[in-house]
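One-letter residues, chain by chain:
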Amino acid sequence: MGIGSGIFIFVVGLILAFALQVEVSWIDLKTTGYILMGAGLVVFVTSLAFALRRRPRTVIRRESIDPATGERVERRTDEY
């Protein structure tokens, strides 16, 4: 599930809780809508947290001296 799924579940919950004026004997649509809104919010926040999480990054620096010119040469390598 992703960010879009969380938004979709939240919107379905909003519709069930506030937009429908239907009375069903076997289920309370208002409570079901509130439950879906909560679940959609949890899915959205969890997906957002995973999307924004940074990957650990390792930087390798190598320094050496160029034998031809005698100047110091530095190389950086970024690894993910």
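Quick look at the structure, then. (Residues numbered from 1 in each chain as written. Predicted model: local features only at pLDDT ≥ 70, side-chain atom pairs only at ≥ 80, totals over all residues. Heavy atoms only, no water.)

### Regarding the packing of aromatic side chains
Turning to step 1, where the next piece is worked out: Applying the stated criterion across every chain yields a total of 1 aromatic pair.
Turning to step 2, where the next piece is worked out: Pairing Phe18 with Tyr34 gives two aromatic rings, centres 5.9 Å apart and planes at 75 degrees, and the pair type is edge-to-face. With a gap of 16 residues between them, Phe18 in helix H1 (residues 3–19) and Tyr34 in helix H2 (residues 29–52) connect regions that are remote in the sequence.
Turning to step 3, where the next piece is worked out: Given the relative accessible area of 48%, Phe18 is considered partly exposed.
Turning to step 4, where the next piece is worked out: Its relative accessible area of 43% is what places Tyr34 among the partly exposed residues. (Phe/Tyr/Trp six-rings, centres within 6.5 Å; stacked < 30°, edge-to-face > 60°. Helix = DSSP H or I, 4+ residues; strand = E, 2+ residues; numbered from the N terminus. Buried < 20%, exposed > 50% of the residue type's maximum accessible area, 1.4 Å probe, protein only.)

### What to know about the pattern of salt bridges
Turning to step 1, where the next piece is worked out: Scanning all chains against the criterion turns up 3 salt bridges.
Turning to step 2, where the next piece is worked out: As a salt-bridge pair, Arg72 and Glu63 come within 3.8 Å of each other at their nearest N and O atoms. Glu63 shares its class with Arg72; the two are exposed.
Turning to step 3, where the next piece is worked out: Two residues, Glu74 and Arg72, come together in a salt bridge whose shortest N-O distance is 3.8 Å.
Turning to step 4, where the next piece is worked out: Glu74 gets classed as partly exposed once you look at its relative accessible area, which sits at 36%.
Turning to step 5, where the next piece is worked out: Here Arg72 falls in the exposed class, since its relative accessible area comes to 60%.
Turning to step 6, where the next piece is worked out: Put simply, Arg61, Glu63, Arg72 and Glu74 are held in one network by salt bridges that share partners. (Salt bridge = Lys/Arg side-chain N within 4 Å of Asp/Glu carboxyl O.)

### Side note on H2
Turning to step 1, where the next piece is worked out: The end-to-end C-alpha distance of H2, which contains 24 residues, comes to 34 Å, matching closely the 34 Å that a straight helix rising 1.5 Å per residue would cover.
Turning to step 2, where the next piece is worked out: Among all positions in H2, only Leu29, Gly33, Met37, Gly40, Val43 and Ser47 are buried.
Turning to step 3, where the next piece is worked out: Tucked into the core, H2 has its buried residues touching H1. (Expected span 1.5 Å × (residues − 1). Contact = heavy atoms within 4.5 Å.)

### Comments concerning the layout of surface pockets
Turning to step 1, where the next piece is worked out: Taken as a whole, the largest pocket encloses approximately 170 Å³ of empty space.
Turning to step 2, where the next piece is worked out: In terms of lining residues, the largest pocket is bounded by Leu16, Ala17, Phe18, Leu20, Gln21, Val22, Glu23, Val24, Ile27, Asp28, Leu29 and Lys30.
Turning to step 3, where the next piece is worked out: Looking at the lining of the largest pocket, the elements with two or more residues in it are H1 and H2.
Turning to step 4, where the next piece is worked out: When residues in the lining of the largest pocket are grouped by element, the largest group, 3 residues, is from H1.
Turning to step 5, where the next piece is worked out: Looking at the lining of the largest pocket, its residues break down into 8 nonpolar, 1 polar and 3 charged. (1 Å grid on protein atoms, 1.4 Å probe; cavity = no way out; pocket = protein on both sides within 12 Å on 5 of 7 lines; lining within 4 Å. Points joined across faces, edges and corners; volume = space filled by probe spheres on them. Nonpolar A, V, L, I, M, F, W, Y, C, P; charged D, E, K, R; others polar.)

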